[in-house]
Number of protein chains: 2
Amino acid sequence: MEKQKINIVDTTLRDGSHAVSHSFTTKEAEDIAEGLDKIGVSIIEISHGDGIGGSSINYGFSKVPEMELIKGARKKINNAKLGVLLLPGVGTIEDLEEARRNGAEVVRVATHVSEADIGIQHIKYAKKMGMKAVGFLMMCHMGSSELIVEQAKIFEDSGADYINVADSAGHMVPDDVRERISLLKKSINIPIGFHAHNNLGLAIANSIAAVEEGATYIDGTCRGLGAGAGNAQLEVLAAVLNRLGYDTGIDIYGAMDVAEDIVEPIMQRPQVINTASLMLGYAGVYSSFLLHTYRAAEKFKLNPRDILVELGRRKMVGGQEDMIVDVAFSLAQKKKETAHS
Amino acid sequence: MEKQKINIVDTTLRDGSHAVSHSFTTKEAEDIAEGLDKIGVSIIEISHGDGIGGSSINYGFSKVPEMELIKGARKKINNAKLGVLLLPGVGTIEDLEEARRNGAEVVRVATHVSEADIGIQHIKYAKKMGMKAVGFLMMCHMGSSELIVEQAKIFEDSGADYINVADSAGHMVPDDVRERISLLKKSINIPIGFHAHNNLGLAIANSIAAVEEGATYIDGTCRGLGAGAGNAQLEVLAAVLNRLGYDTGIDIYGAMDVAEDIVEPIMQRPQVINTASLMLGYAGVYSSFLLHTYRAAEKFKLNPRDILVELGRRKMVGGQEDMIVDVAFSLAQKKKETAHS
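The rules we used
Residues numbered from 1 in each chain as written. Chains lettered and ligands numbered in written order. Predicted model: local features only at pLDDT ≥ 70, side-chain atom pairs only at ≥ 80, totals over all residues. Heavy atoms only, no water. Helix = DSSP H or I, 4+ residues; strand = E, 2+ residues; numbered from the N terminus. Buried < 20%, exposed > 50% of the residue type's maximum accessible area, 1.4 Å probe, protein only. Contact = heavy atoms within 4.5 Å. Least-squares fit on C-alpha atoms with pLDDT ≥ 70 in both. Pairing = 2+ DSSP bridges. Axes fitted to C-alpha atoms, helices over the stretch in contact; angles between N-to-C directions. Buried area = accessible area lost by both parts, 1.4 Å probe. Salt bridge = Lys/Arg side-chain N within 4 Å of Asp/Glu carboxyl O. Polar contact = N/O pair within 3.5 Å; in protein donor to acceptor, adjacent residues only side chain to side chain. Nonpolar A, V, L, I, M, F, W, Y, C, P; charged D, E, K, R; others polar.

What follows is about the environment of Ala283 of chain A. Residues and elements named next belong to chain A. Its place among the elements puts Ala283 in helix 11 (residues 275-283). On the basis of relative accessible area, Ala283 is assigned to the buried category, the value being 8%. Sequence-wise, Ala283 and Gly170 are 113 residues apart; in three dimensions their C-alpha atoms are separated by 9.5 Å. Excluding its chain neighbours within four sequence positions, the residues that come into contact with Ala283 are His171, Leu308, Val309 and Gly312.

This is the structure we're talking about:
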């Protein structure tokens, strides 16, 4: 039987950018892109961690403008496709045009799991420019399988080439992934991708589960570099998929070397699961909630971890940071009542 | 429905000892044991990384004699049981008696997956001394489910209180674990435990798979501290099992604090998956093979990774390090023939 082909999408130079405070230099981007191209990665994604246009006071400034990194990497890539991430509202159509001029061939348009409609125009515009366009649904643990199918169809109808399911907070367990990917597989006619985070130590297992249910594009990063506890560690992912009999096209020894010789020396800290990233995964919330949560915990004399769990229970999403104080207040009230009863 | 109780066995002060070059001080052992006891761990295992009696030129000398660590920890443990590991041939009955006098209540008798018979006397002797005795099968990826059942029955017949399946090289994927644990569950009448290594990034997923198939004792270590790529990270394991509805009895915030405040400051390096540990897991061989493999690779101008894979294919086990040169020689011959054909 022919082996199932799995496309490895590397996002070291995008999600990994979070983990180095957006400090990649042009030389680093060139070296990493060159290495990734040689080992057989299908798509190399390069952008600010929050997508093109993300460099800002809100999301953190890039040391080197991402368009410079894209131009640098472009020169080193011969086989892989060069991709960018775009979050509508953070990045614009103008940013996408510029990325296209600089050689980007793929754009992944990322929206919250329930808001694919804000990405329709970007998918269409990318297709018009001759790009491969991907509908990228974030925080998929917050959406039921049915919601994900509904939203994926919005992207599919807009012309997306594939749909990417992202476990942005690293909250899913393999069964969560299986449920979502298997229904999606039955419901849409374009390929499916999966993007894992390792907050619960399950990035590799969730990626395998996605593949077993029919996903054919899997994200990874060298050494797992990424926001929170990081992504699926690319060299591990490639080795495991190889062991399981899939064809990733990746030179796995080469992947180990790119991770160890090129990426590791650049890292500012090892990509491990600490209390903060574990709590984000456990609660299922964005890392942008941490600072506000610690402040509110101090103010109301609460355990910040209880606040995070409550925020997750209420399915709070990015942009709702102002609600954290309200949640803390109500938790503190409840605590007082319990103490008095 | 009542929640399934899962016993968490912490082996930070045993398998974790490998990762700090057996340098634990009495104070460190006391602090860690005290913390683990408070958060609700069922068994706290303390020994040299290769079990009691392991401190030697072969396996590395302990900075503080393990019996001192055991005595220190004993004073701090009120709820958990204090355990030791014993590899017949490394540790002796005399070592076990001494550990018992110092307060050890549990011994895990560890043998290669096919050699339970060398542990029979130790299990029997431990039971005679009133200890809880565990049959611990190492390198279980090398044994079929049927072999594991056969060997587990040897331990069961000797009086073992439970059987522990260990993925010592971190080579298994969740389906490998399911196959072995499910057949064992049907075949023996005592509880089952599982010990994971994270070389393929699957320690947490494999532990969940074991639990889902009926294992009720799961090993973990704070921050994943352990040989190779380390063990299942205890605080992550507890959080995930809690999310899945199991009763571990662990205070998960407390577990995070013990890992972050007590264990992390002691660590000599972060517990990550690098090329060496990934290759050990991918090939399914012991870490003791590394040095000999690098030497042989240099001598025969081979990629050391090809040698490791071949060693795994031939199911080489600890003690067979002298065969590595032979394997390298035959690989080099083959390479020459291929080049000339």
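Once that is clear, we can look at the relation of the copies chain B and chain A. Note on the copies: chain B fits chain A at an RMSD of 0.0 Å, the axial shift is 0.0 Å, and the rotation between them is 180°. The two molecules are tied by a two-fold rotation axis, judged by turn and shift. Closest approach to the rotation axis among the C-alpha atoms of chain B is made by Ala205 of chain B, whose C-alpha sits 3.0 Å away. The overlap is high: 100% of the interface residues of chain B also sit at the interface in chain A, so the same surface is used on both sides.

This part is about the sheet that holds strand 4 (residues 106-112) of chain B. Residue and element names in this part refer to chain B. Strand order in the closed barrel formed by eight strands is 1-2-3-4-5-6-7-8, with parallel pairing between adjacent strands. Averaged over all adjacent pairs, the angle separating strand axes in this sheet is 25°, with direction ignored. Judged from the two bridges that link them, strand 1 (residues 7-10) and strand 2 (residues 43-45) form a sheet pairing that is parallel. Paired with Asp10 across the two strands is Ile44, which belongs to strand 2. Lying over the sheet, helix 6 (residues 145-158) contacts strand 4, strand 5 (132-138) and strand 6 (162-166), oriented at roughly 160° with respect to strand 5.

Before going further, it helps to spend a moment on the interface of chain B and chain A. Chain B puts 39 residues into the contact, and the matching count from chain A is 39 residues. Taken together, both faces of the contact between chain B and chain A bury some 3,200 Å²; the carbon and sulfur share is 61%. Broken down residue by residue, the surface that chain B buries against chain A is led by Arg243, Tyr253 and Tyr282 of chain B, which jointly contribute 22%. Between the two partners, chain B and chain A, sit four salt bridges. Summed over the shared surface of chain B and chain A, the number is 17 residue pairs in polar contact (both at pLDDT 80 or more). When residues of the side of chain B that touches chain A are traced back to their parent elements, those giving at least two are helix 7 (174-187), helix 8 (203-212), helix 9 (234-243), helix 10 (252-263), helix 11 (275-283) and helix 13 (304-313) of chain B. Within the side of chain B that touches chain A, the residues separate by chemical class into 21 nonpolar, eight polar and ten charged.

The next thing to look at is the sheet that holds strand 2 (residues 43-46) of chain A. In any sheet, the strands associate via hydrogen bonds between backbone groups, in a parallel or an antiparallel arrangement. All names here are of chain A. In space, the eight strands of this closed barrel follow the order 1-2-3-4-5-6-7-8, with parallel pairing throughout. Across this sheet, the average inter-strand angle for adjacent strands is 25°, counted without regard to direction. In terms of strand pairing, strand 5 (residues 132-138) meets strand 6 (residues 162-166) through four bridges, oriented parallel. When the bridges of strand 6 are listed, Val134 appears paired with Tyr162. Contacts from helix 6 (residues 145-158) reach strand 4 (106-112), strand 5 and strand 6, with the element oriented near 160° to strand 5.

This brings us to the pattern of salt bridges. Inspection of the entire model under this criterion finds 38 salt bridges over all chains. One salt bridge connects Glu213 of chain A with Arg178 of chain A, and the closest N-O pair in it is separated by 3.0 Å. Pair noted here: Glu213 of chain A is in the loop between helix 8 (203-212) and strand 8 (217-220) and Arg178 of chain A is in helix 7 (residues 174-187), with a separation of 35 residues, a long-range link. A residue is classified by how much of its surface remains accessible, and Glu213 of chain A, at 23% relative accessible area, is partly exposed. In this structure, the salt-bridge partner of Arg14 of chain B is Asp15 of chain B, at a minimum N-O distance of 3.7 Å. We note that Arg14 of chain B, like Asp15 of chain B, is buried. Linked by salt bridges that have partners in common, Arg14, Asp15, Glu45, Arg108 and Asp219 of chain A make up one network.

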